[in-house]
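Fold and contact review
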Amino acid sequence: RATHAHLVLLATEPRYRRSGIGRSLLLWLEESATVAGLDFIQLEVRRNNQSAVQFYENADYQVCKVLPGYYQNVEDAYQMRRDLIQPAQQQQRPQ
């Protein structure tokens, strides 16, 4: 069974940034993944994109690891993740 959603792209047009659209889209994804019974959401973000890293950290995503050369073998990425269920709930889920 699928255990997680993988966020590949979340972008807003520059003139609409910081207006709540990105956060609304992220909340929709999180709610949809929760309804689908998924355990977590995972994504990759450029390590040097501090505004994106901060956006996800503000939404309770945590850096899991650094992925060296993730972008065209040149730029590093952070792999980030947000758990949707508590550890006690994970143990109760059938595999």
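Structure first, text after, so check above.
Residues numbered from 1 in each chain as written. Predicted model: local features only at pLDDT ≥ 70, side-chain atom pairs only at ≥ 80, totals over all residues. Heavy atoms only, no water.

Focus: the packing of aromatic side chains
- Applying the stated criterion to the full structure yields three aromatic pairs.
- Judged by centre distance (5.0 Å) and plane angle (75°), the rings of Phe55 and Tyr56 are edge-to-face.
- Aromatic side chains Tyr56 and Tyr61 sit 5.7 Å apart centroid to centroid with 70° between the ring planes, which places their arrangement in the edge-to-face category.
- You can call Tyr61 buried: its relative accessible area is 2%.
- Of the aromatic side chains, those joined through ring pairs into one cluster are Phe55, Tyr56 and Tyr61.
- In this structure, Arg46 packs its charged tip against the face of Tyr71, placed 4.0 Å from the ring centre.
- Above the plane of the ring of Phe40 lies Arg81, whose end atom (NZ or CZ) is 3.6 Å from the centre. (Phe/Tyr/Trp six-rings, centres within 6.5 Å; stacked < 30°, edge-to-face > 60°. Buried < 20%, exposed > 50% of the residue type's maximum accessible area, 1.4 Å probe, protein only. Lys NZ or Arg CZ within 6 Å of the ring centre and 35° of its normal.)

As for the sheet that holds strand S4 (residues 75-83)
- Sheet architecture is open: four strands sit in the order S1-S2-S4-S3, paired in mixed fashion. Because the sheet does not close on itself, it has two edges, and the strands there are strand S1 (4-7) and strand S3 (62-71). Put simply, the sheet's adjacent strands are angled 25° from each other on average, direction ignored.
- Relative to strand S2 (residues 40-46), S1 runs parallel, the two being bridged by four bridges. Opposite Ala5, over in S2, you have Ile41 as the bridge partner.
- Contacting S1, S2 and S4, helix H1 (residues 21-35) crosses the sheet at an angle of about 160° to S1.
- Packing of helix H2 (residues 50-58) onto the sheet brings it into contact with S1, S2, S3 and S4, and relative to S2 it is tilted by some 160°. (Pairing = 2+ DSSP bridges. Helix = DSSP H or I, 4+ residues; strand = E, 2+ residues; numbered from the N terminus. Axes fitted to C-alpha atoms, helices over the stretch in contact; angles between N-to-C directions. Contact = heavy atoms within 4.5 Å.)

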